[in-house]
Amino acid sequence: MTTISRRGLLGAFAATMVTAAPTMSSAFGLLKGAGDIRRIRMYNGRTGESLDTIYWIEGEYIPEALKEVTYFARDWRTNQLKTIDARTIDIAAAAHNLMDINEPYLLLSGYRSPKTNAMLRSHSKGVAKHSLHMQGQATDLRLKSRSVSQMYRAASACHAGGVGKYSRSNFVHMDCGPVRTWGA
């Protein structure tokens, strides 16, 4: 006789039917009661890697899934890792859920080593000297099926962290720092 645990049953259910309920600050209140499973889907064009993982079940982050996100969002130029703040993942997942899409995000930038950040700053005025990317607290994301304005509005509606709109470069910055917006 096979015994199925509640957690095992939830995991099997989550693999087939996911209802994301990201929460952090106000972003989280926005979707409370929508379920207790959180999922993030991304593609990294620089490395060719894909990520589709459930990182939260029943009020708990799944450490193995968060490690997958950290590896996925590493600085691809130096291959260095920094733990990605779960609050940043929550914001991206909440915005994704608000847009009601299945397409994975294209990750342009996750963690940046100080060396990479300095190199990018030398080529662009838009790179902050003390970027939250260096703390593992920011992502730069793009979607084919949604405009930068649509992504920006969804992320801003979460009222959590920083949201930057970069229309010329076709991406949206999301971070778990203080609530603020720019580039509108």
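Rules behind the numbers
- What you see as residue numbers is a count from 1 along each chain, following the sequence as written.
- Note on the predicted model: pLDDT of at least 70 is required for a residue's local features to be given, and 80 or more for side-chain atom pairs to be given and counted; whole-chain, interface and lining totals, by contrast, use all residues.
- Where side-chain values are given, they derive from all heavy atoms of the structure, hydrogens and water being excluded.
- UniProt positions are given in the numbering used here, feature names are shortened, and annotations may be inferred rather than shown by experiment.
- A cavity, in this analysis, means grid points on a 1 Å lattice covering only the protein atoms where a 1.4 Å probe fits yet has no way out; a pocket is instead an open set bounded by protein on both sides within 12 Å along at least five of seven lines, and a residue lines either one if it has an atom within 4 Å of a point.
- Grid points are joined across faces, edges and corners, and a volume is the space filled by probe spheres set on the points.
- Note on conventions: DSSP H or I runs of at least 4 residues are helices, E runs of at least 2 residues are strands, and numbering of each starts at the N terminus.
- Any Lys or Arg side-chain nitrogen located within 4 Å of an Asp or Glu carboxyl oxygen qualifies as a salt bridge.

As named in an unreviewed UniProt entry, the protein chain is Murein endopeptidase K, taken from Thioclava arctica. Check the Cofactor (unreviewed entry) section of the UniProt entry for the protein chain; it says "Zn(2+)". The record held by UniProt for the protein chain lists under Pathway (unreviewed entry) the comment "Cell wall biogenesis; cell wall polysaccharide biosynthesis."

Asks: How would you sum up the layout of surface pockets? Please name residues and give values.
Replies: Rolled over the atoms, a probe with the dimensions of a water molecule shows which regions are left empty. Its volume calculated, the largest pocket comes out at about 640 Å³. What lines the largest pocket is a set of 25 residues, and nearest its centre among them are Arg-112, Gly-126, Val-127, Asp-140 and Phe-171. Of all the secondary structure elements, the ones that give two or more residues to the lining of the largest pocket are strand 4 (105-109), strand 5 (138-142), strand 7 (171-175) and strand 8 (180-182). Of all the elements, strand 7 adds the most residues to the lining of the largest pocket, at 3 residues.

Asks: Just give me the short version of the pattern of salt bridges, but keep the residues and values in it.
Replies: Inspection of every chain in the model, using the stated rule, returns 6 salt bridges. Salt-bridge contacts for Asp-85 lead to Arg-87; the nearest nitrogen and oxygen are separated by 2.7 Å. Here Arg-180 makes a salt bridge to Asp-175, at a shortest N to O gap of 2.8 Å.

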